[in-house]
Structure formats: C-alpha cells, structure tokens
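Residues per chain, in single letters:
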Amino acid sequence: MPHAYNGMDARDLHGVQWHKSRHSNSQGTCVEFAKLPGGDIAVRNSRFPDSPALVYTPAEMEAMLLGAKDGEFDHLIRE
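Source: prediction; values computed, not measured. (Residues numbered from 1 in each chain as written. Predicted model: local features only at pLDDT ≥ 70, side-chain atom pairs only at ≥ 80, totals over all residues. Heavy atoms only, no water.)

S.K.: What am I meant to see in the overall build of the chain here?
M.R.: The secondary structure content of the chain amounts to 1 helix and 5 strands. Element order for the chain, N to C, with α for helix and β for strand: β-β-β-β-β-α. Residue burial in the chain is summarised as follows: out of 79 residues, 28% are buried. Taking the contacts inside the chain whose residues are at least 6 apart along the sequence as the reference set, 34% of them involve residues at least 24 apart. Carbon and sulfur atoms make up 53% of the accessible area of the chain, which amounts to about 5900 Å² in all. Charged side chains in the chain number 8 positive and 11 negative. The centres of these two groups are separated by 8 Å. (Helix = DSSP H or I, 4+ residues; strand = E, 2+ residues; numbered from the N terminus. Buried < 20%, exposed > 50% of the residue type's maximum accessible area, 1.4 Å probe, protein only. Contact = heavy atoms within 4.5 Å. Areas by Shrake-Rupley, 256 points an atom, 1.4 Å probe, with all protein chains shown as cover. Lys, Arg positive; Asp, Glu negative; His and termini not counted. Charge placed at Lys NZ, Arg CZ, Asp CG, Glu CD.)

The following block contains the structure:
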C-alpha cells in the first residue's frame, strides 16, 4: 500500500477493511472507516467509494468521537 495521505484515492487503499455504522440507512449513505497498517484511520463516503479518502491519526479520531458522544455536533443535524 502506498503512503496514506489526505485526499488520496480510496481505491489505492488495498487490503483494508471498511466499516460503517449499523445505524446507516438502507440506501447505503454513510461514512465508512478503515484502520490503516500504520495505525491511522481512513474515512470515505460510502456513496462514492472510489472518491478521495481522508486520513486521520488515532488522536484526531478519538477527539472527534468523544465530541460526538458528548453531543458537540448535534447542532449540525438538528434544526
């Protein structure tokens, strides 16, 4: 696998296993995550699996997940 970087083509992430939330809807519109061999985490849009992937460190993902669990982003989906 080539060096992972933000905006890389998700098709170049060979051999990774993509995961999505069990809360995803039946149309498959969801965010998918994959742990990379070096420990970073790739993120892609399931509607466009061949589109660019974003790559985050474990610390960045932990901060985002803790914020989501605390409701810090609820205003983005609620009116």
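S.K.: Explain a nonpolar patch on the surface to me, please; I cannot follow it from the model alone.
M.R.: A cluster of nonpolar side chains, namely M64, L65, F73, L76 and I77, defines an oily patch on the protein surface of about 510 Å² accessible area. Looking at the secondary structure, you find L76 in the segment after α1 (58-69). (Patch = residues over 30% accessible without salt bridge, like charges linked within 9 Å, V, L, I, M, F, W, Y side chains within 5 Å. Salt bridge = Lys/Arg side-chain N within 4 Å of Asp/Glu carboxyl O.)

S.K.: Any chance you could explain the nonpolar core here in plain terms?
M.R.: Most often, soluble globular proteins have nonpolar side chains that are buried together. Core analysis: the largest hydrophobic core is formed by 11 residues, namely A4, M8, A10, L13, V16, W18, A34, L36, A42, A53 and V55. Leave out the neighbours within four places in its chain, and V55 touches A4, Y5, N6, L36, D40, I41 and A42. (Core = buried A, V, L, I, M, F, W, Y, C linked by side-chain atoms within 4.5 Å.)

S.K.: I would appreciate a short explanation of the layout of surface pockets in the present structure.
M.R.: Where empty space is left can be seen by rolling a probe of water-molecule size over the atoms. Its boundaries defined by the atoms lining it, the largest pocket holds a volume of some 580 Å³. Around the largest pocket, the lining is made up of 16 residues, and of these V31, F33, M64, A68 and I77 lie nearest the centre. Counting only elements with at least two residues in the lining of the largest pocket, the list comes to β3 (31-35) and α1. Looking at which element gives the most residues to the lining of the largest pocket, the answer is α1, with 4 residues. When its residues are assigned to classes, the lining of the largest pocket shows 9 nonpolar, 3 polar and 4 charged. (1 Å grid on protein atoms, 1.4 Å probe; cavity = no way out; pocket = protein on both sides within 12 Å on 5 of 7 lines; lining within 4 Å. Points joined across faces, edges and corners; volume = space filled by probe spheres on them. Nonpolar A, V, L, I, M, F, W, Y, C, P; charged D, E, K, R; others polar.)

S.K.: Help me out: how do you make sense of the side chain of E32 in this one?
M.R.: For E32, the position within the fold is in strand β3. Within the structure, the side chain of E32 is placed 2.7 Å from the side chain of R44, a separation counted as a polar contact. Those residues in contact with E32, other than ones at most four positions away along the chain, are W18, H19, K20, A42, V43, R44 and S46. (Polar contact = N/O pair within 3.5 Å; in protein donor to acceptor, adjacent residues only side chain to side chain.)

S.K.: Explanation requested: the pattern of salt bridges in the structure shown.
M.R.: When the charged atoms of two side chains with opposite charge come close together, those side chains can pair. Counted according to the given criterion, the structure contains 1 salt bridge. For E32, the salt bridge identified is with R44, shortest N-O distance 2.7 Å. Highlighted residues: E32 in strand β3 and R44 in strand β4 (residues 41-45), separated in sequence by 12 residues. For the pair shown, E32 and R44 are each scored as buried.

Bear in mind that shape data such as this cannot, by itself, settle questions of function.
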